[in-house]
Amino acid sequence: MSLKYILFFVSTTLCLFGMSNFADVIGIHQRTVLSFTLLLLYCLKYLNKKRFNYTFDKSYILLLIIGFLIVAFQLVLGRNYFKSILSYCFLPCIISYFFERLDLKQTNILRKAVLLFYVTNCVMAIIERITSTVYIGYNTFTDFEIVREEDWEFRSSALLGHPLANTIVMVPMLLCIMASSMQWKNKMFCYFLGIIAMFCFNARSGILMALICSVPAIVDNLKEQDKKERRRNIVLFSLCFVFAGYYIINSDLSGRLFKLAEETGFLNDSSSLARLEILSFSDYLNTFDLLWGNPDSYNRLLITMNLVGIENGIISILIYQGVILGIPLLCIMWYFNWKRFAEYKNTHRWMIFIGLYGIGLTNPHLQQGMVWIYILLCSFAFNPQYRNYKTQKI
């Protein structure tokens, strides 16, 4: 492998792991610098030759415009929103601009880097669950784990430091893998590894979305196989699913999905009620903060509404950005990312976005810029347009 491709693997792997808590472990707190410096330098060196005539589609222009508008408006109010808008708008445009030019080998390398991150994160979640130990999670979450009363309450934190942060990244990643041109056996390995990891993260919305949204891709994959192979794989898949399901339901691994429902009912626990209560957030904000946003409103709402966190990513974005700029931002982000999945089968594209936004409605981490970078990298890594090339058969 030439130096060009080795550098690409190193830069993409550093980007994937640098956005996680791994950066804190090695003592680097400037995650953006760690994650993107080498990758952007690589793009400028190897992906930019004689191609300045590239035409931006409308989604690029809209995302850049809304990004500049938000930064300019917030600067007028004396707020610095550049870092968050960098991850929402500017970095996705830059990365997408260069990654549209990846050759087959680079796409193959990107896929391997993403799979390395995916498998590492899943394995780490399983190890944490087995040992009942959070290794690099946030201190507040670690403190919570120390005082837990039951084993089923344990929640792995893995590389992204919090179970909900892991869920909103890993479920779309799993769905992209299922929609890709990878071989069936490798997809099934990643699928069952991911589902087990979801139970280790102990997040109900993530488990349900992973199971439900993956069905169209599984059915489509089986349809593409010949009759004999399809029958065999249906039997094997069913047996694995039944045995895994039986074990999970009858063990502490069932966690919040079953154990908590037995005690309080499926939607009667404090976490579910808090997610319903936050829907009335607008009643607790003044008109200016509601329309134009205010980062101070987040903590003010936590105190006023007596909440531990605002577990709705859409509402979190609206609190920070305001309704007037936040709604256009959300719509344009959807449009931009939807265009990046243009090569995917339409049903697969919908299952990925339903999974992402379905979890986002119960998860505060949708507002974190790193989520959108992971989704963008997955859109290129698992692009099914390469299914006819042997170099893509991973």
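About the cut-offs
- Within each chain, residues carry numbers counting from 1 in the order of the written sequence.
- Residues qualify for local features only when their pLDDT is at least 70, as the model is predicted, and side-chain atom pairs are given and counted only at 80 or more; totals for whole chains, interfaces and linings, by contrast, use all residues.
- Side-chain metrics in this entry use all non-hydrogen atoms of the structure; hydrogen atoms and water are not considered.
- We call Phe, Tyr and Trp rings a pair once their centres come within 6.5 Å, taking the six-membered ring for Trp, and we label the pair stacked below 30 degrees between planes, edge-to-face above 60, and tilted otherwise.
- Numbered from the N terminus, helices here are DSSP runs of H or I no shorter than four residues, and strands are runs of E no shorter than two.
- Burial status follows relative accessibility: with a 1.4 Å probe on protein chains alone, a residue under 20% of its type maximum counts as buried, one over 50% as exposed, and anything between as partly exposed.
- In our convention, an over-ring charge means Lys NZ or Arg CZ found within 6 Å of a ring centre and within 35 degrees of that ring's normal.
- Between N-to-C directions, angles span 0 to 180 degrees; the directions come from axes that are lines fitted to C-alpha atoms, helices contributing only their stretch in contact.
- Roughly parallel means an angle under 35 degrees; roughly antiparallel, over 145; roughly perpendicular, 65 to 115; everything else is oblique.
- By the convention used here, residues are in contact when the closest approach between their heavy atoms is within 4.5 Å.
- In the scheme used here, Gly and all other residues not listed as nonpolar or charged are polar, with Ala, Val, Leu, Ile, Met, Phe, Trp, Tyr, Cys and Pro taken as nonpolar and Asp, Glu, Lys and Arg as charged.
- Throughout, disulfides are identified as pairs of cysteine sulfur atoms within 2.5 Å of each other.
- The arc in question is formed by the directions pointing from the helix axis toward the C-beta atoms.
- The definition of a polar contact used here is a pair of N or O atoms within 3.5 Å, where within protein one atom must be able to donate a hydrogen and the other to accept one, and adjacent residues in sequence count solely through side-chain atom pairs.
- Salt bridges are defined by distance alone: a side-chain nitrogen of Lys or Arg within 4 Å of a carboxyl oxygen of Asp or Glu.

Draft legend 1. Broad picture of the packing of aromatic side chains. Per the counting criterion, the structure on display carries 25 aromatic pairs. Between Phe-68 and Phe-90, the ring centres sit 4.9 Å apart and the planes meet at 40°, which makes this aromatic pair tilted. With Phe-68 in helix H4 (residues 58-76) and Phe-90 in helix H5 (residues 82-99), this residue pair connects regions lying 22 residues apart in the sequence. For Phe-90, a relative accessible area of 9% corresponds to the buried category. An aromatic cluster is defined as three or more aromatic residues linked by ring pairs; in this entry it consists of Trp-334, Trp-338, Phe-341, Tyr-344, Trp-350, Phe-353, Tyr-357 and Trp-372. Looking at Arg-101, its charged tip hangs above the ring of Tyr-97, at a distance of 4.0 Å from the centre. Against the face of Phe-336 rests Arg-340, its NZ or CZ located 4.5 Å from the ring centre.

Draft legend 2. Here's a closer look at the packing of helix H17 (residues 313-340) against helix H19 (residues 369-381). Packing of H17 against H19 leaves a shortest axis separation of 9 Å and a crossing angle of 25°. With respect to each other, H17 and H19 are oriented roughly parallel. Facing H17, whose interface residues are Met-333, Phe-336, Asn-337 and Arg-340, H19 presents Trp-372, Leu-376, Ser-379 and Phe-380. Counted by class, the contact of H17 with H19 contains five nonpolar, two polar and one charged residues.

Draft legend 3. Looking closely at the state of the cysteines. In the structure shown here, the tally under the stated rule is zero disulfides. Sulfur of Cys-43: no disulfide; nearest cysteine sulfur belongs to Cys-15 and is 9.5 Å away. With relative accessibility at 1%, the residue Cys-43 sits in the buried group. Here Cys-190 is not cross-linked by a disulfide; its sulfur's nearest cysteine counterpart is in Cys-122, at 7.9 Å.

Draft legend 4. Examining the environment of Lys-105 more closely. Tracing the backbone shows Lys-105 in helix H6 (residues 104-131). Residue Lys-105 is classed as partly exposed on the basis of its relative accessible area of 39%. Separated by 100 residues in the primary sequence, Lys-105 and Tyr-5 have C-alpha atoms spaced 8.0 Å apart.

Draft legend 5. Broad picture of helix H16 (residues 296-304). Within the span of H16, buried status applies to Ser-297, Tyr-298, Leu-301 and Leu-302. Burial along H16 is one-sided: seen end-on, the buried residues are contained in an arc of 140°. Of the exposed residues in H16, those oriented more than 90 degrees away from the buried face are Asp-296 and Ile-303. Among the structural elements, helix H15 (287-292) and H17 are those in contact with the buried residues of H16. Of the residues trailing H16, Asn-306 is marked for its positive phi of about 60°.

Draft legend 6. The arrangement of the side chain of Ser-59 in detail. Along the chain, Ser-59 turns up in helix H4. A distance of 3.3 Å separates the side chain of Ser-59 from the side chain of Arg-340, its partner in a polar contact. Those residues in contact with Ser-59, other than ones at most four positions away along the chain, are Tyr-335, Phe-336, Lys-339 and Arg-340.

Draft legend 7. Structural detail: the pattern of salt bridges. Overall, the coordinates contain four salt bridges when judged by the stated rule. The partner of Asp-220 in a salt bridge is Lys-345, with the nearest N and O atoms 3.1 Å apart. Placement of the pair is Asp-220 in helix H11 (residues 215-223) and Lys-345 in the loop between H17 and helix H18 (346-360), with a sequence separation of 125 residues. Accessibility expressed as a relative area gives 45% for Lys-345, which makes it partly exposed. One connected set of salt bridges, linked through shared partners, spans Asp-57, Glu-100 and Arg-340.

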